[in-house]
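Report on the structure
The lines below spell out each chain.
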Amino acid sequence: MKFAIESISKNSGRLGQLRVKDSGPEFRTPLLLQTTKGGSIPWLSADVFESHVSRKPQVLQFTLSTMDQMTEALALWNCGGGRGLSDYVGLPGHLNILLLRDPCETTPSRGNDRDIQPLFTRRGKESLTPERYMEMVSSLKPDIYQGLSDADTNLESAKKRVQKSVDRTEKFMHYIYEHRGKVESNLLAPIVGGYNTFARTQSIKHAREQPAGSYGGYIFEGFHTNGLTATTLDSTKLLPIVEHCVKQLEDDKPRIMPGAFSPLTLLELIRQGVDVFDTSYAYCASFNFKALTFSFVQDTVEHVPFLDITDEAIKEDFTPPLGNCSCLTCQKHTRAYLHHLYKTNELLGPILLMVHNLHHYMAFFEIIRESVAKDTLPQLTELVRNQNGKSQVDYSIAANTKVVSKATMGKGFAAAAV
Amino acid sequence: IPPLTYKVVAECSVSKARAGLMTLRHSEVNTPVFMPVGTQGTLKGILPDQLIELNCQILLGNTYHLGLRPGIETLKKAGGLHKFMGWPRAILTDSGGFQMVSLLQLAEIDEHGVNFRSPFDNSQCMLTPEHSIQIQNAIGADIMMQLDDVVKTTTIGPRVEEAMERTIRWVDRCIEAHARDDDQSLFPIVQGGLDVPLRQRCVSALMERQVRGFAVGGLSGGESKHDFWRMVDVCTGYLPRDKPRYLMGVGFAADLVVCVALGIDMFDCVFPTRTARFGCALVGSGQLNLKQPKYKLDMEPIDKDCECSTCKRYTRSYLHHIATNESVSCSLLSIHNVAYQLRLMRSMREAIQRDEFPQFVRDFMASHFQSDPIPAWIREALAAVNIQLPADPEKNDEQEQKPKTEKRQETEDLDKEQVATS
Ligand SMILES: [Zn+2]
Ligand SMILES: [Zn+2]
């Protein structure tokens, strides 16, 4: 894994180039990883993703909590040689990174134990030892994988829980640094420690003590417990601790921070020097029937952060979810149709929403990289914060709890009885 | 130009099979054709573009469901179902009557129409032939169905005759009410239960009406396969050669092949997309239940000769892991299953055009049933149209062998499920 910094600016963060494999494509940072579930981009087949979202190579974000069952099959698949983990999930030509936890879903907060790390899968809790984890990594053969960590902390965590997460992570990593030679994949050193500067420093110190070349980058965890919890972080608490961490890290390694951060938090994290994020925010919006409509280009039109697909008011709105959007959904379908798909609980609904939301979020990242290059990230941040001079916009995603009632059905058959 | 023209392109010199070209306002349709069912204005997790890629030319929509959601007013404002769902090709709609009778426990039929309690507010409502046509005119499908008097296929006695007679009276009311005859073609439905003379009478009465095609109804609902094929054979025997014939609710592979041999041109069935939801993939020899442990390490595609986007990219092993867990698996298997049905129809059309259809049928049956005995009803049905199958290695006396595709189609259960989830 090679990472080269192109520029660093006080106000706009860093621009970099990440090459995962010598022969593979180069990715520019700030980089957006494609989050997956069970190896697939949520709701989208490889065909739909490549035909309607992007043809460019991506870095796929795989999670062990949704792929643990595939270990045996992948051991067999990989022993053939030539084909890799991305090929197995139907997305050849894309690179990948293996995380433990699914950033799309809130990770349950329990089951931490001295020598094992809980892994919450679809079938319940599994217990990972460092030995078992390294076996699984060597079967899966991801391009990049994260070190085993206890990241069960957030702003509310007690000091004792935070300290435990650091100590246990250190213990797991001790084993992993020792045995990492058995796998060819690139390792990311986990940095944990909640919102505690002392604990974060300790976690960083343990990584930095390792001999040069032990790992290729950092993964920041323990600021939130995934899912919607990442969308509502208090940046006045988050940013100082991230700044504290970044200061202690060398420049030439990428910093990855998974989670469904709001667009505003994301921009602030980029300014602090975080390099790699993922599409879990687009997933969370789609899952809760919201189309992303925030603006990241200066214009005179009024913008709102989301279009709520569950809103009865769009039942007969035959305009695209977002005017001027060039995605398949906005080119070919209407708000009214998306609303109908929501009401009828049809699978095409989240598919069309995900196509739009990914398209929108990936376009946002293009603008971010442009702004970082031109050192205009603060202006972009202001635009996203205020959306054309309006008062501050709320980017948090509320879980959709609406139940579709019979009362919302049409009266198409209500001819009076004769 | 009429909204539907049909011409026979080729006829099998042995059986009653024919290949045709049906030209509709929104699409040309090569027959025999399988129409995937997009009940609520979408086909289970498949984009319209993907359906076009599969060369799907016509979809079926359900009037009952569309009348409830999005509702007729919304569909009118949208400019019809084609525009509402972004589907540029042809659509066929049913009358809504069958769905009502099978879904709503309290539905009752009298001379006026179908009486039912509205699922909207539980008020007493009625679907008349006129009303069904008004709704279908708003939906704007290329082909629409008359409201018919539906009785259970296993019904016997005077009720069957009454239903047949009423269906004929209702077709006249439907024709009278039809306001868009320049754009949409109304098909009458042949009824008459399992009674040969009733079926004959029904066909000849319907043939006196000005219609552009015919549907065969009241089958595939629990009758014996022996009765099923005989009724299809009787109907196609009397229907005119120059108009398309649609057999409602039939879609298992072996049934499709037999009924094409008997002279049917159009089919629909929820089975391919429904079975996909449960992790099943259609293949020549029946279906693979990918949830079974034996597929866990199987690195082959579902079908290595299939050209669908699923078979190009995905192994059985990967599909085994995501089937019924990740919703994308439903799209992936639906794509394959629809591709399978469409490919089967295309192969039949091509075989008919080469006049090699009887050999196609023999090859199909051999690979579909493999070492299992071919059911007696299939042998009889095919023999009735002069296609002889080779004798089974061992004589098997079993009469009503179930189709290889396991369970019978359970349209009613599926639709109840859909209502329950709504
Ligand atoms: Zn869009
Ligand atoms: Zn296929």
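Residues numbered from 1 in each chain as written. Chains lettered and ligands numbered in written order. Predicted model: local features only at pLDDT ≥ 70, side-chain atom pairs only at ≥ 80, totals over all residues. Heavy atoms only, no water.

1. Some points on the overall build of chain B
Basically, it comes down to this: Helix and strand definitions follow DSSP, with helices as H or I runs of at least four residues and strands as E runs of at least two, each counted in order from the N terminus. The globule rule is 2.2 Å times the number of residues to the power 0.38, and the radius of gyration it is compared with is taken over C-alpha atoms. Surface accessibility follows the Shrake-Rupley procedure with a 1.4 Å probe radius. Residue values consider only the protein chains on display as shielding. Counted as positive: Lys and Arg. Counted as negative: Asp and Glu. His and the chain ends are not counted at all. The atom standing in for a charge is NZ when the residue is Lys, CZ when it is Arg, CG when it is Asp and CD when it is Glu.
On a plain count of helices and strands, chain B comes out with 16 helices and 17 strands. Taking 422 residues into account, the globule formula puts the C-alpha radius of gyration at 22 Å, and chain B, at 21 Å, falls close to it. For chain B, the C-alpha atoms occupy an extent of roughly 55 × 45 × 40 Å along the three principal directions. When the accessible area of chain B is evaluated, it comes to approximately 15,500 Å², of which 48% is carbon and sulfur surface. Put simply, chain B has 47 plus and 54 minus side-chain charges, and the middle of one group is 3 Å from the middle of the other.

2. Digging into the coordination of the zinc ion (ligand 2)
Residue and element names in this part refer to chain B. We apply this condition: Here a donor is an N, O or S atom found within 2.8 Å of the metal, or within 3.2 Å if the metal is Na, K or Ca; sites may look incomplete because water is not among the atoms. A site with four donors is called tetrahedral when every donor-metal-donor angle falls between 85 and 135 degrees; four donors are called square planar, and six octahedral, when opposite donors sit more than 155 degrees apart and all other angles fall between 65 and 115; any other arrangement is irregular.
Only Cys-306 (SG), Cys-308 (SG), Cys-311 (SG) and His-336 (ND1) from the protein coordinate the zinc ion (ligand 2), and they sit 2.1 to 2.3 Å from it. Geometry at the zinc ion (ligand 2) is tetrahedral, judged from the four donor atoms that bind it and their angles of 99 to 119° at the metal. Read from N- to C-terminus, the donor residues coordinating the zinc ion (ligand 2) fall into the pattern C-x1-C-x2-C-x24-H.

3. Brief notes about the pattern of salt bridges
Here is the rule we go by: The working definition used for a salt bridge is a side-chain nitrogen of Lys or Arg within 4 Å of a carboxyl oxygen of Asp or Glu. When a residue's accessible area, from a 1.4 Å probe over protein chains only, is under 20% of the maximum for its type it is buried; when over 50% it is exposed; and in between it is partly exposed.
Summed over all chains, the structure comprises 54 salt bridges over all chains. The partner of A:Lys332 in a salt bridge is B:Asp49, with the nearest N and O atoms 2.9 Å apart. Of this pair, A:Lys332 sits in helix α11 (residues 328-332) while B:Asp49 is found in helix α1 (residues 48-53), placing the two residues in two different chains. For A:Lys332, a relative accessible area of 45% corresponds to the partly exposed category. B:Asp49 gets classed as partly exposed once you look at its relative accessible area, which sits at 24%. Salt bridges here are not isolated pairs; linked through shared partners, they connect B:Glu111, B:Asp149, B:Arg159, B:Glu162, B:Arg166 and B:Arg169.

4. Examining the coordination of the zinc ion (ligand 1)
Residue and element names in this part refer to chain A. Donor atoms from the polypeptide that bind the zinc ion (ligand 1) are Cys-325 (SG), Cys-327 (SG), Cys-330 (SG) and His-356 (ND1), placed at 2.1 to 2.3 Å. Taken together, the four donor atoms coordinating the zinc ion (ligand 1) and their angles of 101 to 113° define a geometry best described as tetrahedral. The sequence pattern formed by the donor residues of the zinc ion (ligand 1) is C-x1-C-x2-C-x25-H. Highlighted residues: Cys-327 in the loop between β15 (306-308) and α11 and His-356 in helix α13 (residues 348-373), separated in sequence by 29 residues.

5. A closer look at the UniProt feature "domain: tRNA-guanine(15) transglycosylase-like" (unreviewed entry) in chain A
Heads up, the condition is: UniProt positions are given in the numbering used here, feature names are shortened, and annotations may be inferred rather than shown by experiment.
Those places that UniProt annotates as "domain: tRNA-guanine(15) transglycosylase-like" (unreviewed entry) correspond, in this numbering, to residues 12-387 of chain A. What you have in residues 12-387 of chain A is 40% helix and 16% strand, and the ends, taken at the C-alpha atoms, are 19 Å apart.

6. Structural notes on the sheet that holds strand β13 (residues 214-216) of chain B
All names here are of chain B. Filter applied, for reference: Pairing between strands is defined by DSSP: at least two bridges between the two strands are required.
In space, the five strands of this open sheet follow the order β4-β15-β14-β13-β12, with parallel pairing throughout. Where the open sheet ends on each side, the last strands, each with one partner, are β4 (33-36) and β12 (189-190). Bridge count between β4 and strand β15 (residues 266-269): four bridges; the pairing is parallel. In the strand pairing of β15, Pro-36 is matched with Cys-269.

7. So, the confidence of the model for chain B
Residue and element names in this part refer to chain B. Defined as follows: Per-residue confidence from the predictor is given as pLDDT, running between 0 and 100. By definition in these notes, contact holds between two residues if any of their heavy atoms fall within 4.5 Å.
Chain-level statistics for chain B give a pLDDT mean of 92 and a share of 93% at 70 or above. pLDDT under 50 marks residues 399-422. Its contacts with residues more than four places away, or in other chains, come to 53 contacts. This complex was scored by the predictor with a pTM of 0.95 and an ipTM of 0.96.

8. As for the nonpolar core
Our working definition: In plain words, nonpolar cores are sets of buried Ala, Val, Leu, Ile, Met, Phe, Trp, Tyr and Cys residues tied together by side-chain atoms within 4.5 Å. An automatic or database domain assignment supplies the residue ranges for each domain.
Residues A:Leu44, A:Tyr133, A:Phe220 and A:Ile368 are the most contacted members of the largest nonpolar core, which totals 168 residues. No other element matches α13(A), which puts 13 residues into this core. Here this core spans two domains, and each of domain 1 (2-286) and domain 2 (292-417) of chain A adds at least three residues to it. Leaving out residues up to four positions away in the same chain, A:Phe220 has contacts with A:Ile191, A:Val242, A:Cys245, A:Val246, A:Leu249, A:Arg255, A:Ile256, A:Met257, A:Pro258 and A:Val274. One finds B:Cys12, B:Cys202, B:Phe271 and B:Met365 within the second-largest nonpolar core, a separate group that totals 62 residues.

9. Let's talk about the side chain of A:Thr71
All names here are of chain A. One can find Thr-71 in helix α3 (residues 71-79). Thr-71 gets classed as buried once you look at its relative accessible area, which sits at 7%. Apart from residues lying up to four places away in sequence, Thr-71 is in contact with Arg-132, Met-136, Ser-139 and Leu-140.

10. Some thoughts on the interface of chain B and chain A
The following threshold applies: Summed over both partners, the accessible area lost on bringing two parts together, with a 1.4 Å probe, is the buried area. Two N or O atoms form a polar contact when they lie within 3.5 Å of each other; inside protein one atom must be a possible hydrogen donor and the other a possible acceptor, and for residues adjacent in sequence the pair counts only when both atoms belong to side chains. As a working rule, the residues Ala, Val, Leu, Ile, Met, Phe, Trp, Tyr, Cys and Pro are called nonpolar, Asp, Glu, Lys and Arg charged, and the rest polar, with Gly in that last group.
Each partner contributes residues to the interface: chain B has 57 residues there, and chain A has 56 residues. Both sides together, the interface formed by chain B and chain A hides about 5,100 Å², and carbon and sulfur atoms give 61% of it. Viewed at the interface, chain A and chain B are joined by six salt bridges. Linking chain B to chain A there are 23 residue pairs in polar contact (both at pLDDT 80 or more). Take the side of chain B that touches chain A: its biggest share by element is twelve residues, from helix α2 (residues 63-78) of chain B. For the side of chain B that touches chain A, the residue count by class is 26 nonpolar, 23 polar and eight charged.

11. Focus on the UniProt feature "binding site: Zn(2+)" (unreviewed entry) in chain A
Residue and element names in this part refer to chain A. Mapped onto the present numbering, the UniProt feature "binding site: Zn(2+)" (unreviewed entry) falls on Cys-325, Cys-327, Cys-330 and His-356. Considering the C-alpha atoms alone, the annotated residues occupy 32 residues of sequence yet fold into one spot, their largest mutual distance being 8.3 Å. With respect to the element layout, Cys-325 can be found in the loop between β15 and α11. With a relative accessible area of 8%, Cys-325 lands in the buried category. Residue contacts for Cys-325: discarding those within four places in its chain leaves Cys-330, Gln-331, His-356 and His-359.

12. A short note on the packing of helix α7 (residues 197-208) of chain A against helix α8 (residues 235-247) of chain A
All names here are of chain A. Heads up, the rule is: Here, axes are lines fitted to C-alpha atoms. For helices the fit covers the stretch in contact, and angles between N-to-C directions go from 0 to 180 degrees. Any angle that falls under 35 degrees is termed roughly parallel, while one over 145 is termed roughly antiparallel, one within 65 to 115 roughly perpendicular, and all others oblique. Crossing chirality is assigned from the near helix's rotation relative to the far helix, an anticlockwise turn below a right angle marking it left-handed and a clockwise turn marking it right-handed.
Remark: α7 packs on α8, axes separated minimally by 10 Å, with the N-to-C direction vectors making an angle of 30°. For the element pair α7 / α8, the angle class is roughly parallel. Handedness of the α7/α8 crossing: right-handed. Contact residues: Thr-197, Arg-200, Thr-201 and Ile-204 in α7; Ile-241, His-244 and Cys-245 in α8.

13. Brief notes about the environment of A:Val393
All names here are of chain A. Locating Val-393 in the fold gives a position in the segment after α14 (377-386). Remark: the alpha-carbon pair of Val-393 and Val-304, spanning 89 residues in sequence, is separated by 7.7 Å. Contacts of Val-393, omitting those with residues within four sequence positions, involve Pro-305, Arg-385, Asn-386 and Gln-387.

14. Side note on the pairing of strand β3 (residues 26-29) of chain A
All names here are of chain A. Of the two faces of β3, only one is covered, namely that formed by Phe-27 and Thr-29; the face formed by Glu-26 and Arg-28 stays uncovered. Both strand β2 (residues 13-19) and β3 contribute to a ladder of four bridges, which runs antiparallel. Along β3, the bridge assignment pairs Gly-16 with Thr-29. The antiparallel hairpin formed by β2 and β3 contains six residues in its connecting segment.

15. Focus: the packing of aromatic side chains
All names here are of chain A. Defined as follows: The aromatic pairing rule takes the rings of Phe, Tyr and Trp, using the six-membered ring of Trp, and pairs them if the centres are within 6.5 Å, calling planes under 30 degrees apart stacked, those over 60 edge-to-face and the rest tilted.
Within the structure shown, the criterion is met by 24 aromatic pairs over all chains. Consider the rings of Phe-289 and Tyr-342, whose centres lie 4.5 Å apart with planes at 65°: the pair is edge-to-face. In this pair, Phe-289 sits in the loop between α10 (280-287) and β14 (290-292) while Tyr-342 sits in helix α12 (residues 335-343), placing the two residues 53 residues apart along the sequence. Considered together, Phe-289 and Tyr-342 belong to a single accessibility category, that of buried residues.

16. Observations regarding the domain arrangement of chain A
Residue and element names in this part refer to chain A. We note that the domain assignment places domain 1 (2-286) and domain 2 (292-417) within chain A. The interface of domain 1 with domain 2 comprises 44 residues on the first partner and 36 residues on the second. Both sides together, the interface formed by domain 1 and domain 2 hides about 3,300 Å², and carbon and sulfur atoms give 76% of it. Looking only at domain 1, the three residues that lose the most surface to domain 2 are Trp-43, Leu-264 and Leu-267, adding up to 18% of its buried area. In this structure, the connection of domain 1 to domain 2 is made through one salt bridge. One salt bridge in this structure joins Glu-268 and Arg-385, with 3.7 Å as the shortest N-O distance. The interface formed by domain 1 and domain 2 includes six residue pairs in polar contact (both at pLDDT 80 or more). Among the residues forming the side of domain 1 that touches domain 2, the class breakdown is 24 nonpolar, 14 polar and six charged.

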